[in-house]
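# A look at the structure
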2 protein chains.
Amino acid sequence: MMKLYLNPASPFARKVRISALELALAERIELIEVSLSPVQPHHGLRSHNPLGKIPALLTEANEALYDSPVICEYLDALAGGDRLWPAAGAARWRALRRQALADGLAEAAILMRYELVIRPEALRWSEWLDDQRLKVRTALDALEAEPLDGPFDIGAISIVCALEYLEFRFPEERWREGRPQLAAWHERLRRRPSVASTRPA
Amino acid sequence: MMKLYLNPASPFARKVRISALELALAERIELIEVSLSPVQPHHGLRSHNPLGKIPALLTEANEALYDSPVICEYLDALAGGDRLWPAAGAARWRALRRQALADGLAEAAILMRYELVIRPEALRWSEWLDDQRLKVRTALDALEAEPLDGPFDIGAISIVCALEYLEFRFPEERWREGRPQLAAWHERLRRRPSVASTRPA
């Protein structure tokens, strides 16, 4: 069995879970839930990932892999390759750029949450928050402008996880407003079993 | 010509520059220097990378690529592939995990710098700083424990860039102390032309 260290709220861990379901590998992965905060490191996890971040995967050979792009590509290779990760050419660079865009959107949303929820109120810095929010909104606008139809690859998986993380933590952002193409694309994907079954509650 | 948006101090942009030199692609890349701060977005850059982050590459077909792992893999493929990015198997996962470890170390050091230099002094939070410093030190200890000899691949490139960024911004960290294997490995690489010619001044 592989072991996946995760938290159900993490958009990056969710990329791995959706990939595992799409690749029919989920039954080979034991899920180990950890609670993390930026100021409460988890020592068990840190022995596998020195950065103390989730997701981290222990392979069947007991080797640690991280971060989410590495784990997702590893699972794709384990399933034969060229499934969720286009093997080469323009499709690969498009999928990987989209993954970077979506992961960056999620990362900015997580930094917003650290600033607004974890950091003591007296130490919050509105300009930092504004810059993260600008990253989120500019990324959303870029996704709206991009024709997203095509295979459900690692780019699409990353976008779904980022959008739903934003909705989970910042519903007041109302990301759909003014972004009808992106909202329609998401609507077509939201009931897909791998997506619906991993949605944070 | 390709165009690379970068800042000479960025460890992530430096990974791209070292890769380009190693792959003999540097002459096909125009370097466009931008100054970024977490609270001063750069609008020209943002039109190519909605996240407003460096490095970002415009390909010869004028398509934008980011972040640094995507750009570095693209350049490797442009040079024929399997040069700095092992094509498959254990060597690939090892190189990619090392890249993630080194990038995570650099990212934690950058967050330390934001907290210590950019954020107004009255708003600094020592526990956050301590957690980033713990990530840096645990990552360094993990690198010390790992046999790093082997080809100069994307894992090694990322480690060199992270170590030298730490030295550039936080010389008082004295990362070599208590880490003789890592220090010796770095000493063997530091005069390599691609490394020496891209070192931040």
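Everything numeric here is computed off the predicted structure, so don't read it as measured data. (Residues numbered from 1 in each chain as written. Chains lettered and ligands numbered in written order. Predicted model: local features only at pLDDT ≥ 70, side-chain atom pairs only at ≥ 80, totals over all residues. Heavy atoms only, no water.)

Turning our attention to the interface of chain A and chain B. How large an interface is tends to be reported as the accessible area lost when its parts come together. Between chain A and chain B, the residue contacts involve 42 residues of the former and 42 residues of the latter. Taking both sides of the interface into account, the surface hidden between chain A and chain B amounts to around 3,800 Å²; carbon and sulfur atoms contribute 70%. On the chain A side of the interface with chain B, the three residues burying the most area are Leu-51, Trp-93 and Trp-125 of chain A, jointly 18% of the side's total. At the junction of chain A and chain B, the tally comes to six salt bridges. For the salt bridge of Arg-46 of chain A with Asp-131 of chain B, the shortest nitrogen-to-oxygen distance reads 3.7 Å. Here chain A and chain B share eight residue pairs in polar contact (both at pLDDT 80 or more) between them. (Contact = heavy atoms within 4.5 Å. Buried area = accessible area lost by both parts, 1.4 Å probe. Salt bridge = Lys/Arg side-chain N within 4 Å of Asp/Glu carboxyl O. Polar contact = N/O pair within 3.5 Å; in protein donor to acceptor, adjacent residues only side chain to side chain.)

Our focus in this paragraph is the sheet that holds strand 1 (residues 2-6) of chain B. Backbone-to-backbone hydrogen bonds join strands into a sheet, with any given pair of strands oriented parallel or antiparallel. Residues and elements named next belong to chain B. Read across the open sheet, the four strands follow the order 2-1-3-4; overall the sheet is mixed. The sheet terminates laterally at strand 2 (29-33) and strand 4 (64-65), the two strands that pair on one side only. Both strand 1 and strand 2 contribute to a ladder of five bridges, which runs parallel. Looking across to strand 2, one finds that Leu-4 is bridged to Leu-31. Strands in contact with helix 3 (residues 68-78) are strand 1, strand 2, strand 3 (56-58) and strand 4; relative to strand 3, the strand with the most contacts, it is inclined by about 40°. (Pairing = 2+ DSSP bridges. Helix = DSSP H or I, 4+ residues; strand = E, 2+ residues; numbered from the N terminus. Axes fitted to C-alpha atoms, helices over the stretch in contact; angles between N-to-C directions.)

With that settled, consider the domain arrangement of chain A. Residues and elements named next belong to chain A. The domain architecture assigned to chain A consists of domain 1 (2-78) and domain 2 (89-196). Taking the mean C-alpha position of each, domain 1 and domain 2 sit 20 Å from one another. At the junction of the two partners, domain 1 supplies 14 residues and domain 2 supplies 20 residues. Between domain 1 and domain 2 the total buried area reaches about 1,500 Å² when both faces are included, carbon and sulfur atoms providing 66% of it. (Domains from an automatic or database assignment.)

What follows covers the environment of Glu-73 of chain B. Relative to the helices and strands, Glu-73 of chain B resides in helix 3. Separated by 32 residues in the primary sequence, Glu-73 of chain B and Leu-105 of chain B have C-alpha atoms spaced 20 Å apart. Leaving out residues up to four positions away in the same chain, Glu-73 of chain B has contacts with Arg-92, Trp-93 and Leu-96 of chain A together with Trp-85 and Arg-92 of chain B.

Note on the identical chains: chain A maps onto chain B by a rotation of 180° and an axial translation of 0.0 Å, with an RMSD of 0.0 Å. The transformation relating the two chain copies, once decomposed into turn and shift, fits a two-fold axis. The position closest to the rotation axis in chain A is occupied by the C-alpha of Leu-123 of chain A, lying 2.1 Å away. Counting the interface residues of chain A, we find that 100% of their copies in chain B are interface residues as well, pointing to one common contact surface. (Least-squares fit on C-alpha atoms with pLDDT ≥ 70 in both.)

A few words now on the state of the cysteines. Residues and elements named next belong to chain A. Overall, the coordinates contain zero disulfides over all chains when judged by the stated rule. Cys-161 provides the cysteine sulfur closest to Cys-72, a residue in no disulfide bond, and the two sulfurs are 8.3 Å apart. Assessed through its relative accessible area of 1%, Cys-72 is described here as buried. (Disulfide = S-S within 2.5 Å. Buried < 20%, exposed > 50% of the residue type's maximum accessible area, 1.4 Å probe, protein only.)

Turning next to the sheet that holds strand 3 (residues 56-58) of chain A. Residues and elements named next belong to chain A. As summarised here, the arrangement of the four strands in space is 2-1-3-4, forming an open sheet in which the pairing is mixed. At either margin of the open sheet sits one strand with a lone partner, and together these are strand 2 (29-33) and strand 4 (64-65). Alignment of strand 3 against strand 4, held across two bridges, turns out to be antiparallel. Directly across from Leu-58, in strand 4, lies its bridge partner Ala-64. This element, helix 1 (residues 11-22), spans strand 1 (2-6) and strand 2 of the sheet and lies at about 145° to strand 1.

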